[in-house]
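Working through the structure, step by step
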Amino acid sequence: MRERFASHFDPFVIPFLVGMAFVLGYCLIAMIRVILQLPKEDRRRFLVSLITPKQIWINVRDIFLNCLIHVKLWQRNKMLGFMHSSIAFGWFMIILLGHLEVILFVPERIHLFYYPIFFNYFVAETEQTIQGSMLMFLMDFFLLMILSGIAIAIIKRFASRIVGMRRTTRLSLLDRVGLYSLWAIFPLRLLAESFTAHISGGSFLTIPANWIFRQFLGNDLYALPTWWAYSIALGVFMCVLPFTRYMHIPAEMLLIPMRNAGIRIRHPRKGFASLEVYSCPACGVCIDACPMSVLKVNCKDTTVYLNRQLRRGNERRIAEISDKCLLCGKCTAVCPVGVQGPELREAQRARRKYALSPSYAGINVRPMASAVAGGAGGASGGVLYFAGCMTQLTPSIRRATASLLDKAGVRWQMMDPDGGLCCGRPLMMAGRTEQARELIAKNLEIIRASGCDTLLLSCPICYKVFKEDYPLSDIRVVHHSVFFQELIASGQLKVRREEGHKLVWHDPCELGRGCGVYEEPRAALAAAGELVEAGKHHAESICCGGSLGSLSLGFEQRKAMTRNALDNLTVADPAEIVTGCPLCLATFVRAADRPVRDIAEILDTRS
Amino acid sequence: MMDFGFKLSPSSAVNLDTVDRARYDRLVQLVPDARTCIDCGSCSATCTAAPWSGMSVRKVLLGLQRGRDDEVDAMLSKCMLCGKCTMVCPRGINTRQLILTLCRLDRKGEVVR
Ligand code: SF4
Ligand code: SF4
Ligand code: SF4
Ligand code: SF4
């Protein structure tokens, strides 16, 4: 082992150093800004979590699994998982091993930033020792790993279907500069190390390559320019990084501990929201997943493009994209980073200015409150059934629910027999949270007057808001599918099973992804018939297209989405499609080629 | 004034010559479907807010064209965006978008910023 240059320096490291200094400085400032933008209590919470030992361990583990190994991508798509993790993990290992080499062989140079990166240029013949050859081998191994990942990335760019993606993102100019410099870095490193392998040593990749090059080049004149090129590629990549999608690398490392600390989006653009936006690597997974993408015009309204427009500050497009989304939550379910597409959009909607703001404070709910007070529920508890606006449009659900409750001998009464108030969730989806609070207060008055101990909902849209935004900790809020499953399990409700009658369960967005209810309705259906699954189900179920989340999607566009969702539901050729949401039901019946019914109706006819 | 044998109360008279239709015109620019309303009244019949506020998308559209701005605003400010009217509209009009768009327009038909 010997150092090749007494000065320990060569001008070719300058591009690398410039890039490094720039990117480190930029990220540091950006990080401080994001932390300062958090509301005070959030900031405190985050900083405390950073020094809590248990939290530190969770953060390190999550950063390792997500940023380096990309476990979530692996689960989705093996090819993409391999591509990303080979580049990320391989690169990380090369940097780590570079530092190890410096610490082992020339510890006095550890303060030189560029030494670990260009080690083979400055230090020679390390492969002669056991440690040296071992390290050289590992270096080549991880370089090969990265190169295989890069090869897949290149294939993906030109033929995305090969890696199992129908659509991939369109890149902006700077993204392209970043992409090409990233592609160039590792082949250049291979070349540079190969050209110097007969001096500095190498392993199974670099030594044979060196031998081949020497057969027809015969001199070392190519070595230095290649090291220059390698350094320039690195420098360019790091200089454009903050302005490209590669900003996701540093951003995600901050996002993970913040999310683990329980920080949520509080401002449409600042703090956590901006961190989510910058953490998106534009992998494009959400494009194929989004139900709106069945129509090609909507591909550019998926979450990846929301993130891009938010970065560019294109207000017109931000508004368009925010309004169109169904808020179905599927993009978040599939996103390897966990970008909250719906929440980001709701925050944008909340920012909008209105000339006219509704007010519900003046509504007199006393008649509704006194109608439920002292009824079957009485002061001693009982079930209060709130059908909700949408169920008023599908009275069959209300009838079936009432009949089932009676059959099971449940003490119950209805909260809105002659129509009631809206639960407030549609207003929240439109970003009018303040107004929604007024409705919540009104509904609370009625619920409290009834003295019930259980609030039963047959609409998942209501269910979610009653569960999350109403202060009802002493009252059980339950969706009818769960309630009936419990009655079946306890034997209070007897259901006859019809063999061979295939039923498919459609997971409504708000019930499944929204509230995590997947298994209870399936169990209840299995008691009534033969349960089959849709093509995509559970967290990946496809929105019916009728969602109140979208403010701007028109009837025709929604129809295409409904058809697509129905195609997905009927892959196993079920006799009936079953759902637990009046809006899904009303949307599906219009386009379905077979009966669509609510779970309550199915159970009612079999009991 | 000529005597027709009956009187018109001034407060409910609609004088189309003096009606400022700026808001309606802007609305149909932003939500062109608003023009396709056939006044069927399905939206009024299903409206969750109707029983205690008289809200009706049909009446809102008519009111705008007849200069009944105060009535229109009173109705709009009671809509809860529940979406029932959209579900039943035979013309497939996105009534929620229509309502939200109207809420963003001032009386001169300008989008507030
Ligand atoms: S939002 Fe998520 S799924 Fe979509 S491109 Fe970004 S990281 Fe990928
Ligand atoms: S929430 Fe649903 S509709 Fe909206 S962007 Fe995500 S996947 Fe698409
Ligand atoms: S969205 Fe508004 S206008 Fe339409 S039915 Fe609901 S409350 Fe009535
Ligand atoms: S339901 Fe539709 S077409 Fe009928 S009056 Fe209302 S907006 Fe007009």
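Residues numbered from 1 in each chain as written. Chains lettered and ligands numbered in written order. Predicted model: local features only at pLDDT ≥ 70, side-chain atom pairs only at ≥ 80, totals over all residues. Heavy atoms only, no water.

**Some thoughts on the pattern of salt bridges**
All names here are of chain A. Following the criterion strictly, the structure yields 32 salt bridges over all chains and no others. Note that Arg352 and Asp323 form a salt bridge whose closest N and O atoms lie 2.8 Å from each other. With Arg352 in the loop between helix 18 (341–350) and helix 19 (366–372) and Asp323 in helix 16 (residues 315–324), this residue pair connects regions lying 29 residues apart in the sequence. Among the residues examined, Arg352 registers a relative accessible area of 16% and is labelled buried. Relative accessible area serves as the criterion here: at 16%, Asp323 is assigned to the buried category. Three or more residues joined by partner-sharing salt bridges are found here, namely Asp301, Arg316, Arg317, Glu320 and Lys324. (Salt bridge = Lys/Arg side-chain N within 4 Å of Asp/Glu carboxyl O. Helix = DSSP H or I, 4+ residues; strand = E, 2+ residues; numbered from the N terminus. Buried < 20%, exposed > 50% of the residue type's maximum accessible area, 1.4 Å probe, protein only.)

**A few points about the environment of Arg189 of chain A**
Residue and element names in this part refer to chain A. Residue placement: Arg189 occurs in helix 8 (residues 173–195). Residue Arg189 is classed as buried on the basis of its relative accessible area of 4%. Through-space distance from the C-alpha of Arg189 to that of Thr226 is 8.0 Å; in sequence the pair is 37 residues apart. For Arg189, the residues in contact, after removing those within four places along its chain, are Ile94, Ile117, Met139, Leu143 and Tyr230. (Contact = heavy atoms within 4.5 Å.)

**A few points about the domain arrangement of chain A**
Residues and elements named next belong to chain A. Domain boundaries assigned for chain A yield domain 1 (2–249), domain 2 (264–349), domain 3 (370–484) and domain 4 (487–605). Taking the mean C-alpha position of each, domain 2 and domain 4 sit 26 Å from one another. Taken together, the contacts link 17 residues of domain 2 with 21 residues of domain 4. Run the count over domain 2 and domain 4 and you get zero salt bridges. The interface formed by domain 2 and domain 4 holds nine residue pairs in polar contact (both at pLDDT 80 or more) in total. If you tally residues by element for the side of domain 2 that touches domain 4, the top one is helix 17 (residues 330–334), at three residues. For the side of domain 2 that touches domain 4, the per-class residue count stands at eleven nonpolar, two polar and four charged. (Domains from an automatic or database assignment. Polar contact = N/O pair within 3.5 Å; in protein donor to acceptor, adjacent residues only side chain to side chain. Nonpolar A, V, L, I, M, F, W, Y, C, P; charged D, E, K, R; others polar.)

**Some remarks on the packing of aromatic side chains**
Residue and element names in this part refer to chain A. In the structure shown here, the tally under the stated rule is 38 aromatic pairs over all chains. Residues Trp227 and Tyr230 carry aromatic rings whose centres are separated by 6.0 Å and whose planes lie at 65° to one another, so their mutual orientation is edge-to-face. One end of the pair, Trp227, and the other, Tyr230, are both in helix 11 (residues 223–240), three residues apart, so they sit about a helical turn from each other. Accessibility classification places Trp227 together with Tyr230 in one group, the buried group. The ring of Tyr121 has Arg4 lying over it, and the distance from NZ or CZ to the ring centre is 5.2 Å. Of note, Arg432 hangs over the ring of Tyr354, and the distance from its end group to the ring centre comes to 3.7 Å. (Phe/Tyr/Trp six-rings, centres within 6.5 Å; stacked < 30°, edge-to-face > 60°. Lys NZ or Arg CZ within 6 Å of the ring centre and 35° of its normal.)

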